[in-house]
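Next come the chains, spelled out residue by residue.
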Amino acid sequence: MLKRILIFLIMTLTFSCSKKEDKILPKKQDLTESVYTSVIIQPDSLYQVYAAVAGILENNLVEEGDVVSKGDPLIQIINNTPKLNTQNAKLSLQLAKENYNGSAAVLKGIQDEITAAFLKYKNDSVNYFRQKNLWNQNIGSKVEFDTKQLNYQLSSNNLQLLESKYNRTKNELYTAVMQAENNYKTSLIATKDFTVTSTINGKVYALYKNPGEVITTMEPLASVGSATDFILELLVDEVDIVKIAKGQNVIITLDAYNGEVFKGKISKILPKKDERNQTFTVEALFDTPPKTLYPGLSGEANIVIAKKDSVLIIPKNYLIDDTKVKTDEGLVSIITGLQNMEFVEVLAGIDSETYIYKPKE
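The sections below set out a description of the structure shown in this document. Just so it is clear, the structure is predicted and the values come from calculations on it, not from any experiment.

1. Re the nonpolar core
And then number 1: Ile41 and Leu234 are the most contacted members of the largest nonpolar core, which totals 22 residues.
And then number 2: At the level of elements, strand S2 (27-43), strand S11 (230-237), strand S12 (249-254), strand S13 (261-274), strand S14 (279-286) and strand S15 (298-315) are the ones that each hand at least two residues to this core.
And then number 3: Contact partners of Ile41, with chain neighbours within four places excluded, come to Phe230, Ile231, Leu232, Leu254, Phe286, Leu293, Tyr294, Pro295, Gly296 and Leu297.
And then number 4: Formed by 17 residues, the second largest nonpolar core is a distinct cluster that contains Ala51, Val68, Leu221 and Ala222.

What follows is the structure, encoded as structure tokens:
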């Protein structure tokens, strides 16, 4: 009998302790809601360097890690074809200018024709009007009058045609000069593009080709970005992106700086979703960056969505179906507010004196 009583007491105590461990009271404390993201560090203004012409890489004029200024030469390319094109374009420009206003100009020949035609027109005009006056006085024959009139009309038409030809030819030759000049300028640009230069003040982070390799306009030759300014690329899940806004605070940890916490702010939200991993890219800037950073450093971040002081909270693992908790009165529906990975705010349904029980796993 005594043995049964002892067993009953032990079971009662065990059940009571287990029950005591499983139930808690909601408590009040500050609560911060945040969105978890992964982090990749990238230099600001990072871009891929391409050549405007194809050819063979003669020499990399910089090394990886070099700091460069805008306009500094990066890569030298060999290609003789554009040089020949430049020479041909120059010859075409010289010919076009010669035709337009040189000593053997086409326009000069037409101008000479106009001068001769004008003299003939003037002569035919004098003969016609003299014969017309005579005809009006009934002097001379009708055939002679008609002949003088026809010559006058023909010389007048010929003069007009030559003047029109002169103006048309002048416009065509001028257009030819402009086109030849544009072709020459374009060929000069292509020649200059044998040397690829930096478009920013920054650092060379990568060189992708070695001397002697064939270069195309479709392949990157180098990677250049800011030497001092870095951005944080955050990958945000599509279910959380609507919560993100510019200016929100970010708490950052980097694998390279184990245990150290950095702060930043959201600076840009890229609107296009990556269909492969169903995420959006969000950019942030450090408030105070670490002393040393490299492209590709990774870590984690929490974007602070909202923060409340002294709110009623319960652990998230005490929730049942996201909106209910188990109490001494049974299942009770509650209204939740802010939440993070561990806790959820309780707005209504229970108070700080309501015991809740952890659901069985």
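2. Quick look at the side chain of Glu345
And then number 1: Along the chain, the position of Glu345 falls in strand S19 (residues 343-348).
And then number 2: The buried category is assigned to Glu345, whose relative accessible area is 5%.
And then number 3: Here Lys308 takes part through its side chain, which lies 3.4 Å from a polar atom of the side chain of Glu345.
And then number 4: When sequence neighbours within four positions are dropped, the list of residues in contact with Glu345 reads Leu31, Lys308, Val311, Leu312, Ile313, Ile335, Thr336, Gly337 and Leu338.

3. Observations regarding the side chain of Thr327
And then number 1: Tracing the backbone shows Thr327 in strand S16 (residues 324-327).
And then number 2: Given the relative accessible area of 7%, Thr327 is considered buried.
And then number 3: Among the polar contacts made by the side chain of Thr327, one reaches the main-chain amide nitrogen of Glu329 at a distance of 3.1 Å.
And then number 4: Not counting the four nearest positions on each side in its chain, Thr327 is found in contact with Val332, Ile350, Thr354, Tyr355, Ile356 and Tyr357.

4. Notes on the sheet that holds strand S6 (residues 73-78)
And then number 1: If you walk across this open sheet you meet the four strands as S7-S6-S4-S9, and the pairing is antiparallel. The open sheet has two edge strands, strand S7 (195-197) and strand S9 (214-215), and neither has a second partner.
And then number 2: As paired elements, strand S4 (residues 55-60) and S6 share four bridges and run antiparallel to each other. Following the sheet pairing, Asn59 is matched in S6 by Gln76.

5. Focus: the packing of aromatic side chains
And then number 1: Tallying each qualifying case throughout the model produces seven aromatic pairs.
And then number 2: Ring geometry for Phe262 and Phe286: centres 6.1 Å apart, planes at 80°, overall edge-to-face. Within this pair, whereas Phe262 is found in strand S13, its partner Phe286 is found in strand S14, the two being separated by 24 residues in sequence. The exposure classification of Phe262 matches that of Phe286, with both residues buried.
And then number 3: Members of the aromatic cluster, joined through ring pairs, are Tyr121, Tyr128, Phe129, Phe145 and Tyr152.
And then number 4: One cation-aromatic arrangement involves Lys23 over Tyr355; the distance from NZ or CZ to the ring centre is 4.3 Å.

6. Digging into the environment of Asn99
And then number 1: For Asn99, the position within the fold is in helix H2 (residues 81-101).
And then number 2: Counting along the chain gives 77 residues from Asn99 to Ala176, while the straight-line C-alpha distance between them is 9.4 Å.

7. Details of helix H3 (residues 106-136)
And then number 1: Over its 31 residues, H3 runs 44 Å from end to end, which matches the ideal 45 Å to within 8%, given 1.5 Å per residue.
And then number 2: A positive phi of about 60° marks Asn138, the residue just after H3.

8. Some points on the sheet that holds strand S8 (residues 202-207)
And then number 1: Ordered by their spatial adjacency, four strands build an open sheet running S3-S10-S8-S5, and the pairing between neighbours is antiparallel. Both edges of this open sheet fall to strand S3 (47-49) and strand S5 (67-68), since each of them pairs with a single strand only.
And then number 2: Pairing between S8 and strand S10 (residues 222-225): four bridges, direction antiparallel. Its bridge partner lying in S10, Leu207 is registered against Ala222.

Analysis parameters
Residues numbered from 1 in each chain as written. Predicted model: local features only at pLDDT ≥ 70, side-chain atom pairs only at ≥ 80, totals over all residues. Heavy atoms only, no water. Core = buried A, V, L, I, M, F, W, Y, C linked by side-chain atoms within 4.5 Å. Buried < 20%, exposed > 50% of the residue type's maximum accessible area, 1.4 Å probe, protein only. Helix = DSSP H or I, 4+ residues; strand = E, 2+ residues; numbered from the N terminus. Contact = heavy atoms within 4.5 Å. Polar contact = N/O pair within 3.5 Å; in protein donor to acceptor, adjacent residues only side chain to side chain. Pairing = 2+ DSSP bridges. Phe/Tyr/Trp six-rings, centres within 6.5 Å; stacked < 30°, edge-to-face > 60°. Lys NZ or Arg CZ within 6 Å of the ring centre and 35° of its normal. Expected span 1.5 Å × (residues − 1).

Treat this as a map of the structure, not an account of what it does.
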